[in-house]
Amino acid sequence: MSQLTLRRGESPHTVKELEDLAFELRSKLLHLCGTYEGAVHIGGDLSSADIFTALYHYGLHVDPADIGNPGRDRFVLSKGHAAVCMYIAMAMRGFFSYEGIVETYGQLDSAYGMHPCKVQLPGVECSTGSLGHGLPLAVGMAMSARGRSEPHRVFCLLGDGETGEGSVWEAAMAARSNKLGNLVAFVDRNRQLMTSFAEERVVFEPYPDKWAAFGWNVVTIDGHNMAELVDALDALPASDSNRPTVVICETVKGKGVDFMERNLAWHAGSLGAADLDRALAALEASREKESV
Ligand SMILES: Cc1ncc(C[n+]2csc(CCOP(=O)(O)OP(=O)(O)O)c2C)c(N)n1
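J.: Could you clarify how one ought to interpret the sheet that holds strand S4 (residues 217-222) in this entry?
T.: Each strand in a sheet pairs with another by means of backbone hydrogen bonds, the pair being arranged parallel or else antiparallel. Sheet architecture is open: 5 strands sit in the order S1-S2-S3-S5-S4, paired in parallel fashion. Edge positions in the open sheet fall to strand S1 (74-77) and S4, since each of these has one partner strand only. This sheet shows a mean twist of 20 degrees between the axes of neighbouring strands, independent of strand direction. Bridging between strand S2 (residues 154-159) and strand S3 (residues 183-189) involves 6 bridges; their strand directions are parallel.

The following block contains the structure:
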């Protein structure tokens, strides 16, 4: 049976299994951060690891063995600096080999660049990295689907800091004007930017009200609670409905590693061998604490 025939609500995974996959994703990210010599955007990778897991192992209607299927859901990583988290989530779903990522990540001519490139890496839908461009691209893809009467959805993941870009709000207005119920944006609301906490630079609040004022269907959840992520995906309006949906995911930058959590020093960085051990131990401790 093609995996493409799976539907939300018929997931082969339980919530517990999805949580275990998110733990594995974080662990793999930390290992990469410990072996790659350059900086990895580890803070925003860890904050969005549960979202990526919920999407690639549950929400997205995609098949790694049939990446060109016109009926597949599309995913646009608007916060392109989280590319390595997407690569590893996709590898865990069967798109690529994790070893291939570890061996070549960030090297000249590698398909696994710091920001995603759709030409280099089949299965990646959009080349991104310059913040503020992913949602406009996703709007165009959703309009194209509508124009062709195709029922798939277009998903997009943005950083909250990224939504300080004006192009995001032009896209938000266009999405509602064109009645794009087939468009779903996830926002990683970790309340941190690159070098500062979000509200110190930009007044985002009342954040959900801003999306609602642009006519979007707004859902706010704990972005580290797998059951809430699954429920949000299950509750999406039909793709032929009139309003785009934004799922605002309240998250913690650096989630799972105590010395990285809410720490401005860990937007991006690398781990030495000793720090890698410390980070992996912290991740394990965090899992044990949350399972009590
Ligand atoms: C147009 C543009 N300006 C600046 C940057 C550099 N940059 C990379 S990540 C980042 C912070 C983004 O914050 P947020 O969207 O909240 O991402 P997260 O905290 O989830 O990593 C910035 C300014 C960029 N990639 N693109």
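J.: Is there a simple way to think about the state of the cysteines in this case?
T.: Disulfide: a covalent bond connecting the sulfur atoms of a pair of cysteines. For the structure on display, the rule yields 0 disulfides. No disulfide involves Cys 126; its sulfur sits 8.4 Å from the nearest other cysteine sulfur, which is in Cys 156.

J.: Where do I start with the side chain of Glu 162 in this structure?
T.: The topology assignment puts Glu 162 in the loop between S2 and helix H6 (166-177). Within the buried set, Glu 162 has no salt-bridge partner at all; the shortest N-O distance to an opposite charge, 7.8 Å, is to Lys 79. Polar contacts involving the side chain of Glu 162 include one to the main-chain amide nitrogen of Lys 79, which spans 3.5 Å. At 3.2 Å, the side chain of Glu 162 forms a polar contact with the backbone nitrogen of Gly 159. When sequence neighbours within four positions are dropped, the list of residues in contact with Glu 162 reads Ser 78, Lys 79, Leu 131, Gly 132, His 133, Gly 134, Leu 157 and Val 168.

J.: Whenever I open this one, the site of the ligand confuses me. Can you help?
T.: Around the ligand sit 18 residues in total, of which Lys 79, His 81, Gly 161, Glu 162 and Lys 253 are the nearest. With respect to the ligand, the backbone of Leu 131 contributes an N or O atom lying 3.1 Å from a nitrogen atom. The separation between an oxygen atom of the ligand and a polar side-chain atom of Lys 253 is 2.7 Å. Burial of the ligand by the protein chains amounts to 77% of its free accessible area of 590 Å². Considered class by class, the residues forming the shell around the ligand number 3 nonpolar, 9 polar and 6 charged.

J.: Is there a simple way to explain the packing of helix H5 (residues 134-147) against H6 in this structure?
T.: A packed helix pair is summarised by two numbers, namely the angle formed by the two axes and the spacing between the axes. Packing of H5 against H6 brings their axes to within 8 Å, and their N-to-C directions diverge by 20 degrees. Classified by the angle between their axes, H5 and H6 sit roughly parallel to one another. In the packing of H5 onto H6, the handedness of the crossing is left-handed. Facing Leu 135, Pro 136 and Val 139 of H5, the residues of H6 in contact are Ser 167, Val 168, Ala 171, Ala 172, Ala 174 and Ala 175. Here the contact of H5 with H6 is built from residues that sort into 8 nonpolar, 1 polar and no charged.

J.: What is the right way to read the packing of helix H1 (residues 15-35) against helix H2 (residues 42-59) from this model?
T.: At a minimum axis distance of 9 Å, the contact between H1 and H2 shows a crossing angle of 140 degrees. Here H1 is positioned oblique relative to H2, judged by the angle of their axes. Along this stretch, H1 crosses H2, giving a crossing that reads as right-handed. Residues Leu 18, Leu 21, Ala 22, Leu 25, Arg 26, Leu 29, Leu 30 and Cys 33 of H1 lie in contact with H2, whose contacting residues are Ile 42, Asp 45, Leu 46, Ala 49, Asp 50, Phe 52, Thr 53, His 57 and Tyr 58.

J.: Explain unusual backbone geometry to me, please; I cannot follow it from the model alone.
T.: Residues apart from glycine generally show negative phi values, whereas peptide bonds are mostly found in trans. Across the junction of Glu 205 and Pro 206, the peptide omega takes the value 0 degrees, indicating a cis bond. Among the secondary structure elements, Pro 206 is positioned in the loop between helix H7 (198-201) and helix H8 (207-213). With phi around 55 degrees, Ser 149 is a residue other than glycine that occupies positive phi space. Structurally, Ser 149 is set in the loop between H5 and S2. Residues other than glycine seldom take positive phi values, yet Lys 179 does so here, at roughly 55 degrees. In this fold, Lys 179 is placed in the loop between H6 and S3.

Conventions used here
- Residues numbered from 1 in each chain as written.
- Predicted model: local features only at pLDDT ≥ 70, side-chain atom pairs only at ≥ 80, totals over all residues.
- Heavy atoms only, no water.
- Pairing = 2+ DSSP bridges.
- Helix = DSSP H or I, 4+ residues; strand = E, 2+ residues; numbered from the N terminus.
- Axes fitted to C-alpha atoms, helices over the stretch in contact; angles between N-to-C directions.
- Disulfide = S-S within 2.5 Å.
- Buried < 20%, exposed > 50% of the residue type's maximum accessible area, 1.4 Å probe, protein only.
- Lys, Arg positive; Asp, Glu negative; His and termini not counted.
- Salt bridge = Lys/Arg side-chain N within 4 Å of Asp/Glu carboxyl O.
- Polar contact = N/O pair within 3.5 Å; in protein donor to acceptor, adjacent residues only side chain to side chain.
- Contact = heavy atoms within 4.5 Å.
- Near = heavy atom within 4 Å.
- Areas by Shrake-Rupley, 256 points an atom, 1.4 Å probe, with all protein chains shown as cover.
- Nonpolar A, V, L, I, M, F, W, Y, C, P; charged D, E, K, R; others polar.
- Parallel < 35°, antiparallel > 145°, perpendicular 65-115°, else oblique.
- Left-handed = near helix turned anticlockwise from the far one by under 90°.

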